[in-house]
Amino acid sequence: QVQLVESGGGLVQAGGSLRLSCATSGIIFSISDLAWYRQAPGKQREVVATVTRGGSTTYGDSVKGRFTISANNAKNTVTLEMNSLKAEDTAVYYCRCEVEYPLGGRRVDYWGQGTQVTVSS
């Protein structure tokens, strides 16, 4: 089975930095997209950053210039470097992997359990 495991969450002061990592396993077919999402209490889950197999990246408006996503295609891992953290960044962060299957190009999303990031002000 496909498994995604996040790590690196914790408690940090505003203005600090934190690095999240996501390790994947059990993926037989190709990954088309890796991403980080987050969800704060009372809010909808939102996209933080994405990176495609080709290396293209996107960022949510609230994190542009502060966060950096990177992936190792050979190991199917993805990291999120978070800098200049704000209290508003407090949320559970989730790793998401989109796998493309052959014979039709069906795509399926897989999710990790999430890791808590708390930024104190």
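One can find the structure itself at the top, above this paragraph.
Now for a look at the structure at hand.

The rules we used
- Residues numbered from 1 in each chain as written.
- Predicted model: local features only at pLDDT ≥ 70, side-chain atom pairs only at ≥ 80, totals over all residues.
- Heavy atoms only, no water.
- Salt bridge = Lys/Arg side-chain N within 4 Å of Asp/Glu carboxyl O.
- Helix = DSSP H or I, 4+ residues; strand = E, 2+ residues; numbered from the N terminus.
- Buried < 20%, exposed > 50% of the residue type's maximum accessible area, 1.4 Å probe, protein only.
- Pairing = 2+ DSSP bridges.
- Axes fitted to C-alpha atoms, helices over the stretch in contact; angles between N-to-C directions.

## Thoughts on the pattern of salt bridges
- According to the stated counting rule, one finds seven salt bridges in the structure shown.
- D33 is paired through a salt bridge with R96; the nearest N and O atoms lie 2.8 Å apart. Here D33 is found in strand β4 (residues 31–39), whereas its partner R96 is found in strand β9 (residues 91–100), with 63 residues between them in sequence.
- Look at D33 and you get buried, because its relative accessible area is 14%.

## Side note on the sheet that holds strand β3 (residues 18–25)
- With antiparallel pairing, the four strands of this open sheet are ordered in space as β1-β3-β8-β7. Bordering the open sheet on either side are β1 (3–7) and β7 (67–72), each of which pairs with just one other strand. Between one strand and the next, the sheet's axes are offset by a mean angle of 15 degrees, whatever the strand orientation.
- One ladder, built from five bridges, connects β1 with β3; its direction is antiparallel. By the bridge assignment, V5 is partnered in β3 with A23.

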